[in-house]
Amino acid sequence: MKLTSDIISLFELYIQNKATAKQCQEVDLLVSSNKEAAIMLKAMQLLKAELINAEIEKVKLSLTNLNQSISKSQIASTKKHAINDSLDKALNYTIEQLQKLFAPVHLYEQIITDFSLRSTEVRLLQPEAELDCKDYQLHFELQHPQNNQGEIEIYIENNQHQELYYAEFDADEKKFNINLTPNLFTTGRYYWKFAIGNAIIINSFFINKDLMPA
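About the thresholds
- Residues numbered from 1 in each chain as written.
- Predicted model: local features only at pLDDT ≥ 70, side-chain atom pairs only at ≥ 80, totals over all residues.
- Heavy atoms only, no water.
- Helix = DSSP H or I, 4+ residues; strand = E, 2+ residues; numbered from the N terminus.
- Buried < 20%, exposed > 50% of the residue type's maximum accessible area, 1.4 Å probe, protein only.
- Contact = heavy atoms within 4.5 Å.
- Areas by Shrake-Rupley, 256 points an atom, 1.4 Å probe, with all protein chains shown as cover.
- Salt bridge = Lys/Arg side-chain N within 4 Å of Asp/Glu carboxyl O.
- Pairing = 2+ DSSP bridges.
- Core = buried A, V, L, I, M, F, W, Y, C linked by side-chain atoms within 4.5 Å.
- Lys, Arg positive; Asp, Glu negative; His and termini not counted.
- Polar contact = N/O pair within 3.5 Å; in protein donor to acceptor, adjacent residues only side chain to side chain.
- Axes fitted to C-alpha atoms, helices over the stretch in contact; angles between N-to-C directions.
- Left-handed = near helix turned anticlockwise from the far one by under 90°.
- Nonpolar A, V, L, I, M, F, W, Y, C, P; charged D, E, K, R; others polar.

(A) Fine view of the overall build of the protein. Scanning the protein from terminus to terminus reveals 7 helices and 8 strands. Taken over 214 residues, the protein has a buried fraction of 40%. When contacts within the protein are restricted to residue pairs at least 6 apart in sequence, those whose partners lie at least 24 apart make up 69%. Counting every atom, the protein has about 12,200 Å² of accessible surface; 52% of that belongs to carbon and sulfur.

(B) Representation of the environment of E151 in the model. Considering the arrangement of structural elements, one finds E151 in the loop between β3 (137-142) and β4 (152-158). As for E151 and E168, which are separated by 17 residues in sequence, their C-alpha atoms are 6.3 Å apart. Once residues within four sequence positions are removed from consideration, E151 is found in contact with E168, F169, A195 and I196.

(C) Geometry of the pattern of salt bridges. Applying the stated criterion across every chain yields a total of 2 salt bridges. A salt bridge links E109 to R189; the shortest N-O distance between them is 3.6 Å. Of this pair, E109 sits in helix α7 (residues 106-114) while R189 sits in strand β7 (residues 188-196), placing them 80 residues apart in sequence. Of the charged contacts in the structure, one is a salt bridge between K193 and E157, with a shortest N-O distance of 3.3 Å. Placement of the pair is K193 in strand β7 and E157 in strand β4, with a sequence separation of 36 residues.

(D) Region of interest: the sheet that holds strand β2 (residues 131-132). Spatially, the 5 strands line up as an open sheet ordered β2-β8-β7-β4-β5, and their pairing is mixed. The open sheet is flanked by β2 and β5 (163-169), the only strands paired with a single partner. Where β2 meets strand β8 (residues 199-207), 2 bridges bridge the pair, whose relative direction is parallel. Across the sheet, residue D132 finds its bridge partner in β8, namely F206.

(E) The arrangement of the nonpolar core in detail. By size, the foremost hydrophobic cluster in this structure holds 27 residues, and its most contacted members are L138, I156, L180, F194 and F205. Broken down by secondary-structure element, the contributors of at least two residues to this core are β3, β4, β5, β6 (175-179), β7 and β8. When sequence neighbours within four positions are dropped, the list of residues in contact with F205 reads E130, L131, C133, L138, I156, L180, F185, G188, R189, Y190, Y191 and W192. Core analysis: the next-biggest nonpolar cluster, separate from the first, contains 11 residues, I7, I8, L10 and L41 among them.

(F) Representation of the side chain of E141 in the model. Inspection of the secondary structure puts E141 in strand β3. Although E141 is buried, it makes no salt bridge; K175 carries the closest opposite charge, 4.3 Å away. Reaching out from E141, the side chain makes a polar contact with the side chain of Q126 at a distance of 3.1 Å. The contacts of E141, once residues within four sequence positions are left out, are R123, L124, L125, Q126, K174 and K175.

(G) Quick peek at the sheet that holds strand β1 (residues 124-126). Taken in spatial order, the 3 strands line up as β1-β3-β6 in an open sheet, and their pairing is antiparallel. Where the open sheet ends on each side, the last strands, each with one partner, are β1 and β6. Within the sheet, the average angular offset between the axes of one strand and its neighbour, ignoring direction, is 25°. Inspection of the sheet shows β1 paired to β3 by 2 bridges, in the antiparallel sense. Looking across to β3, one finds that L124 is bridged to L142.

(H) Quick peek at the packing of helix α1 (residues 5-15) against helix α2 (residues 21-33). Put simply, α1 and α2 touch, their axes get as near as 10 Å, and they point 115° apart. α2 is crossed by α1, and the crossing has left-handed handedness. Touching I7, L10, F11, L13 and Y14 of α1 are Q23, C24, E26, V27, D28, L30 and V31, all from α2. Looking at the contact of α1 with α2, its residues break down into 9 nonpolar, 1 polar and 2 charged.

Written as structure tokens, this is what we have:
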């Protein structure tokens, strides 16, 4: 059975405790008879749990989110040193180290693929999928502002499930620019999560993607 957008929407109601008794029965029957559906439901439940845990970590994240307090000139200087550092360190990476730094998180990769089936009013024009973030900046752009939808939350983590960035933005805006701290965002694969209301978009980006083993 193919997982359609209607089934995924039904799963969303289920994990948000908004499904009717009949809809709950439909979900239970579907996941018991369809392995792919069971995996998809579990992935969505795990993602919801991660976002809840992230709320608890906001205070801790504010301490590591140094780029919010660094001036543009300081960021530019740090970037220059970080780029030189990257060139030096690239010569010392082993294949095993690079494989670990760029290893995909299979659960996230599955969610990225499966969530593309979902129809949603939230559309991001930027950033592009699997971007090589050479200037240590991520630019998010909504197709339309999400008025009256609550705050926008952006999370960024590495491929070891360590959350390195969190910020909230006004949903009335369309564009959001994030400066990444080079000392924190070193060579490797990263994932961003863009959340507003019940909508969550997730995708990956890279630092020094040209160092990723084939």
